[in-house]
Amino acid sequence: MSHTLGVRQAQKQRTRQALLDAALELLEEQSLSSLGLREVTRAVGVAPTAFYRHFRSTADLGVALVEEALGSLHPMIRTTLSPEGDREERIARAVELIARHVREHPSHVRFIARERHGGVQPVREAIREQLARFVGEVKAELATDPESAGWHDDDLLMLAGLYVDQMLSTASLFLDAAQAPAGEHERVRRLASRRLRLIGLGREHWTD
């Protein structure tokens with residue numbers, strides 16, 4: 001009996017993931033607000049009623065996509081902020097990590113960039129909540145750095161927000177660069193490095 005339940009649960013999980021993957025592919029060409037559940041179920045090859053065994057609505061599916069798209073970024077945050085190396089080495093590492101994430105997960109990056117200010121409120125809120133978590137994690141990492149000695153919590157939170165915003169902006173620029181003429185990727189890399197350098201210099205002198 002337990003084996004049968006395990007098989008059914010595994011099949012249910014595969015169908016759920018297939019719905020997420022199909023939706024993400026369809027969202028390459030449209031926004032979530034225009035996506036119909038019949039489009040998604042047709043792409044997977046299941047009846048429309050099967051959709052409701054996994055998601056309450058397309059908005060609910062969108063929230064699940066937010067969790068999938070942004071969940072993998074949490075480990076990258078710590079690596080990006082690692083204190084190893086000098087400032088230029090840390091900047092180069094951070095930019096390369098972002099570029100690699102965009103290469104490996106372009107659909108996720110495109111989905112977040114489009115829906116962050118899109119027309120589906122639960123999805124906007126889910127993205128905002130996830131980004132707030134990122135800011136909190138970055139703040140916690142920054143607080144352990146000796147360079148943050150004497151900083152107020154509000155200022156650390158502001159600095160963390162700048163870093164997160166810059167990561168998102170850089171990811172979007174790298175995504176656009178993938179379809180741009182040769183040389184654009186390197187231009188984005190240089191621009192991202194300069195912006196992070198500017199944030200770093202501001203941080204260094206903030207308490208002067």
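See the structure shown above.
Values in this document were obtained by computation on a predicted structure and should not be read as measured data. (Residues numbered from 1 in each chain as written. Predicted model: local features only at pLDDT ≥ 70, side-chain atom pairs only at ≥ 80, totals over all residues. Heavy atoms only, no water.)

Draft legend 1. Fine view of helix 7 (residues 106-115). Looking at helix 7, one finds that the buried residues are His108, Val109, Phe111, Ile112 and Glu115. Buried residues of helix 7 fall within an arc of 160° about the axis and therefore sit on the same side. (Buried < 20%, exposed > 50% of the residue type's maximum accessible area, 1.4 Å probe, protein only. Helix = DSSP H or I, 4+ residues; strand = E, 2+ residues; numbered from the N terminus. Arc of directions from axis to C-beta.)

Draft legend 2. Representation of the packing of aromatic side chains within the structure. Per the counting criterion, the structure on display carries three aromatic pairs. Taken together, a centroid distance of 5.6 Å and an interplanar angle of 80° make the contact between Phe51 and Tyr52 edge-to-face. Under the relative-accessibility criterion, Phe51 is labelled buried at 0%. Consider the rings of Phe51 and Phe55, whose centres lie 5.6 Å apart with planes at 45°: the pair is tilted. Summarising the burial analysis for this pair, Phe51 and Phe55 share the class buried. Grouped by ring-pair contacts, the aromatic residues Phe51, Tyr52 and Phe55 constitute a single cluster. (Phe/Tyr/Trp six-rings, centres within 6.5 Å; stacked < 30°, edge-to-face > 60°.)

Draft legend 3. Broad picture of helix 6 (residues 87-104). Taking 1.5 Å per residue as the helical rise, helix 6 with its 18 residues ought to reach 26 Å, and the 26 Å between its terminal C-alpha atoms agrees with that figure. Within helix 6, the full set of buried residues consists of Ile91, Ala94, Val95, Leu97, Ile98, Ala99, His101 and Val102. Here helix 6 starts with a cap whose side-chain oxygen sits 3.2 Å from the backbone nitrogen of Glu88, and that cap is Asp86. (Expected span 1.5 Å × (residues − 1). Polar contact = N/O pair within 3.5 Å; in protein donor to acceptor, adjacent residues only side chain to side chain.)

Draft legend 4. Up close: the environment of Ala143. Residue placement: Ala143 occurs in helix 8 (residues 121-143). If we skip the residues at most four places from it in the chain, Ala143 touches Ser148 and Leu156. (Contact = heavy atoms within 4.5 Å.)

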